[in-house]
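Descriptive analysis of the structure
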Amino acid sequence: MKKDGDSPARVRFAPSPTGHLHLGGLRTALFDWLWARKTGGQFILRIEDTDRRRFDPESMDSLIRGLRWLGLDWDEGPDIGGPFAPYVQSQRQEIYQEKAQELIDRGHAYRCFCTPERLASLRDEQRRAGRRTGYDRHCRTLSDAERSQREAEGISSVIRFAVPLDGVTVYHDLVRGDIQVENRHLQDEILLKADGLPTYHLAAMVDDNLMKITHVLRGEEWLATAPIHKLIVDAFGWEMPVLVHLPVILDPSGKGKMSKRKKLVAGKEFLALVHEFQDAGYLPDAMFNFLTNVGWNFDPEEEVFSREEAIERFCLDEINPSAAALPYEKLDWLNGLYIRGLTPAALKVALVPYLSRQLGLSEAELQKDRKLDVLIPVIQERLKRLDEGADWVDWAYLTSDEIAYSDPKLLIGRKMDAAQSIAMLRAGAALLEEVELFDADAIQEAFRERASELGVKAGNLFGPIRGAISGKKVSPPLFESMVALGRHETLQRIGRATAYLEGLTIEESV
């Protein structure tokens, strides 16, 4: 099996469908994909679903959606097949049973008939004695007659790997070098469970060999299992794939491993699952750019790069083995950059699903809505995430009667009182009645001229009207907002705001 960096690599992303895809898993898949594309090899999707107790059918959809969202296409997999199908481990049960028996025949494995009750009692005894817990190899020394008797009695069994009792096992990690472990510290791990399904230790090693995997990229937490896997591969007489254990991703504080759930750090909520990042409105290109630089670095001088550039430069032996905190602020910055790189039409397409959910309007209705065509270009510079769009445009989808002026100060100009602000609102309404071309530039020019005629600063005229039409402290630019609403609705809102302020002044005078 060739492992030369210049040879086409065969890599696999092998998730277990027991929950939603985590950002760390997506990073592993991304690095797999980059290496396959860099070497002209194959990226394989394999589903390791032999843990039937924790199996969650919904997580399969989540895994597939997450990979496709990031643009990671696979060359072989459960949905497209391939020369080594099936690519779902629960459909390969007979293969693992055959290989487990082969290890027994070679003297590298044995049947264990210990009951769960005996194993629990053993652990309790070891804890009380202050010893390390683990299997005591009770069934490893059973005679053939004792094994036959237990089988005849119908006692269920598992198959365990017979770890060498002395010596050392040395395995190589591409980014960490040679690692040596004394065999006396290793356990006789279960290879085949009583239900006939394999554990990861057997299934992954068998499939990696049969599917001709050249490189195995996985999280650093799997380092402890590497000696067992090396021994299993050696027991079959196979060649070990190149191991690449990726560094742990820490939370933004840098003090703890990234959780599989949302986490509060310094009072701020941080996401962990891929679908949460999708729901929050991160663009796949921004996430691709961001994740590529977590554990590997494209170039210290270049923060933004294309997929093609990443493929060209990516190299496994440049992966940094040190854990690193996840720089969420950089992700937000990148996402804003990619949002600004979209055309207004493309941004509208991206925003509509979020606005539909947040505003309760149909996507078809929003796609045809002209207000968005006016507002999107002027809010584009302000967005870091797509889920922020509703905060900038929600006011435009209310009727004039629904605008709530919760704070009268929204309608009162700087260094002005209510009466002066009412005068500005009336002046603005009169001007909007007169202006012929209802265009942002034309309206702005007319308003500036009128402010000059009235002997007031332009901001004194703009401010009360801005609050009148949006009911918010922060809103898109005033004149584009007027155009988005249209002349009639703009006048309706100014009239309502004027009446509101007049009502307040009457109350104050009583």
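Provided above is the structure to which this section pertains.
First, a word on scope: everything that follows refers to the structure included in this document. It should be emphasised that the depicted structure is a prediction, and the values quoted were computed from it without experimental measurement.

**Quick look at the sheet that holds strand β7 (residues 190-192)**
Strands sit in the order β3-β4-β7 across an open sheet of three strands; the sheet is antiparallel. The strands lining the two open edges of the sheet, one partner per strand, are β3 (109-112) and β7. Strand-to-strand twist in this sheet, taken as the mean axis angle between neighbours without regard to direction, amounts to 45°.

**A short note on the environment of Asp-32**
Turning to its location among the elements, Asp-32 is positioned in helix α1 (residues 23-39). For Asp-32, a relative accessible area of 0% translates into the label buried. Taking C-alpha positions, Asp-32 is 19 Å from Gly-81, a pair spaced 49 residues apart along the chain. With near-sequence residues (within four places) excluded, Asp-32 lies in contact with Val-11, Arg-12, Phe-13, Phe-43 and Leu-217.

**A short note on the environment of Gln-126**
By the secondary structure assignment, Gln-126 is in helix α4 (residues 116-128). The class for Gln-126 is buried, based on a relative accessible area of 6%. Not counting residues up to four positions away in its chain, the partners in contact with Gln-126 are Arg-131, Arg-132, Thr-133 and Gly-134.

**Brief notes about the pairing of strand β5 (residues 168-173)**
Residues Thr-169, Tyr-171 and Asp-173 line the buried face of β5, whereas the alternating positions Val-168, Val-170 and His-172 sit on a face that is not buried. Bridge analysis of β5 against strand β6 (residues 177-182) gives six bridges, and the strand direction is antiparallel. Across the sheet, residue Val-168 finds its bridge partner in β6, namely Glu-182. If you look at the hairpin formed by β5 and β6, you'll find three residues sitting between the two strands.

**Quick word on the pattern of salt bridges**
Throughout the structure, instances matching the rule amount to 36 salt bridges. One salt bridge in this structure joins Arg-127 and Asp-124, with 3.2 Å as the shortest N-O distance. In this pair, Arg-127 and Asp-124 are both assigned in helix α4, three residues apart and thus about one turn of the helix distant. We note a salt bridge from Arg-450 to Glu-453, for which the minimum N-O separation is 3.0 Å. Remark: Glu-453 and Arg-450 occur in helix α17 (residues 440-454); sequence separation between them is three residues, near one turn of the helix. We classify Glu-453 as exposed; its relative accessible area is 57%. One salt-bridge network, held together by shared partners, links Arg-12, Arg-46, Glu-48, Arg-92, Asp-207 and Asp-208.

**Things to note about the nonpolar core**
Leu-26, Leu-72, Met-287, Phe-447 and Met-482 are the most contacted members of the largest nonpolar core, which has 113 residues in total. Ranked by residues supplied to this core, first place goes to α1 with nine residues. Counting residues in each nonpolar core, the second largest holds 34 residues, with Val-163, Ile-213, Ile-228 and Ile-232 among its members.

**Some words on helix α2 (residues 57-70)**
One full turn of an α-helix is made of 3.6 residues, so residues set three or four places apart face in the same direction. Every buried residue of α2 is listed here: Ser-59, Ser-62, Leu-63, Ile-64, Gly-66, Leu-67, Trp-69 and Leu-70. Of the surrounding secondary structure, the elements contacted by the buried residues of α2 are β1 (10-13), α1, β2 (42-45), α8 (274-280), α9 (284-292) and α10 (307-313). A side-chain oxygen of the first residue of α2 lies 3.1 Å from the backbone nitrogen of Glu-58; this N-cap is Asp-56. Looking one or two residues past α2, Gly-71 carries a phi angle of roughly 85°, positive in sign.

**Here's the deal with the layout of surface pockets**
Any empty space left between the atoms is revealed when a probe the size of a water molecule rolls over them. Its boundaries defined by the atoms lining it, the second largest pocket holds a volume of some 230 Å³. Of the residues belonging to the lining of the second largest pocket, the class tally is seven nonpolar, five polar and four charged.

**Looking at unusual backbone geometry**
For the bond running from Ala-85 to Pro-86, omega is 0°, close enough to zero to count as cis. Mapped onto the elements of the fold, Pro-86 is located in the loop between α2 and α3 (93-105). The backbone of Arg-137 shows a phi angle near 65°, a positive value even though the residue is not glycine. As for its position among the elements, Arg-137 is in the loop between α4 and α5 (144-152).

**Observations concerning the packing of α1 against α9**
Between α1 and α9, the shortest axis-to-axis distance is 10 Å and the interhelical angle comes to 85°. Relative to α9, the element α1 lies roughly perpendicular. Along the contact surface, α1 presents Leu-23, Leu-26, Arg-27, Leu-30, Phe-31, Trp-33 and Leu-34, while α9 presents Met-287, Phe-288, Leu-291 and Thr-292. Tallied by class, residues from the contact of α1 with α9 come to nine nonpolar, one polar and one charged.

**What about the packing of aromatic side chains?**
Per the stated rule, a full pass over the model turns up 14 aromatic pairs. Residues Tyr-405 and Tyr-500 carry aromatic rings whose centres are separated by 5.6 Å and whose planes lie at 40° to one another, so their mutual orientation is tilted. Of the two residues, Tyr-405 is situated in the loop between α15 (389-393) and α16 (418-434) and Tyr-500 in helix α20 (residues 487-509); the sequence distance between them amounts to 95 residues. Here Tyr-500 falls in the partly exposed class, since its relative accessible area comes to 27%. Consider the rings of Phe-462 and Phe-479, whose centres lie 5.1 Å apart with planes at 90°: the pair is edge-to-face. Taken together, the residues span a long stretch of sequence, with Phe-462 in helix α18 (residues 458-470) and Phe-479 in helix α19 (residues 478-485) at a distance of 17 residues. Residue Phe-479 is classed as buried on the basis of its relative accessible area, which comes to 6%.

Cut-offs applied
- Residues numbered from 1 in each chain as written.
- Predicted model: local features only at pLDDT ≥ 70, side-chain atom pairs only at ≥ 80, totals over all residues.
- Heavy atoms only, no water.
- Pairing = 2+ DSSP bridges.
- Helix = DSSP H or I, 4+ residues; strand = E, 2+ residues; numbered from the N terminus.
- Axes fitted to C-alpha atoms, helices over the stretch in contact; angles between N-to-C directions.
- Buried < 20%, exposed > 50% of the residue type's maximum accessible area, 1.4 Å probe, protein only.
- Contact = heavy atoms within 4.5 Å.
- Salt bridge = Lys/Arg side-chain N within 4 Å of Asp/Glu carboxyl O.
- Core = buried A, V, L, I, M, F, W, Y, C linked by side-chain atoms within 4.5 Å.
- Polar contact = N/O pair within 3.5 Å; in protein donor to acceptor, adjacent residues only side chain to side chain.
- 1 Å grid on protein atoms, 1.4 Å probe; cavity = no way out; pocket = protein on both sides within 12 Å on 5 of 7 lines; lining within 4 Å.
- Points joined across faces, edges and corners; volume = space filled by probe spheres on them.
- Nonpolar A, V, L, I, M, F, W, Y, C, P; charged D, E, K, R; others polar.
- Parallel < 35°, antiparallel > 145°, perpendicular 65-115°, else oblique.
- Phe/Tyr/Trp six-rings, centres within 6.5 Å; stacked < 30°, edge-to-face > 60°.

Keep in mind that these numbers describe shape and distance, not what the molecule does.
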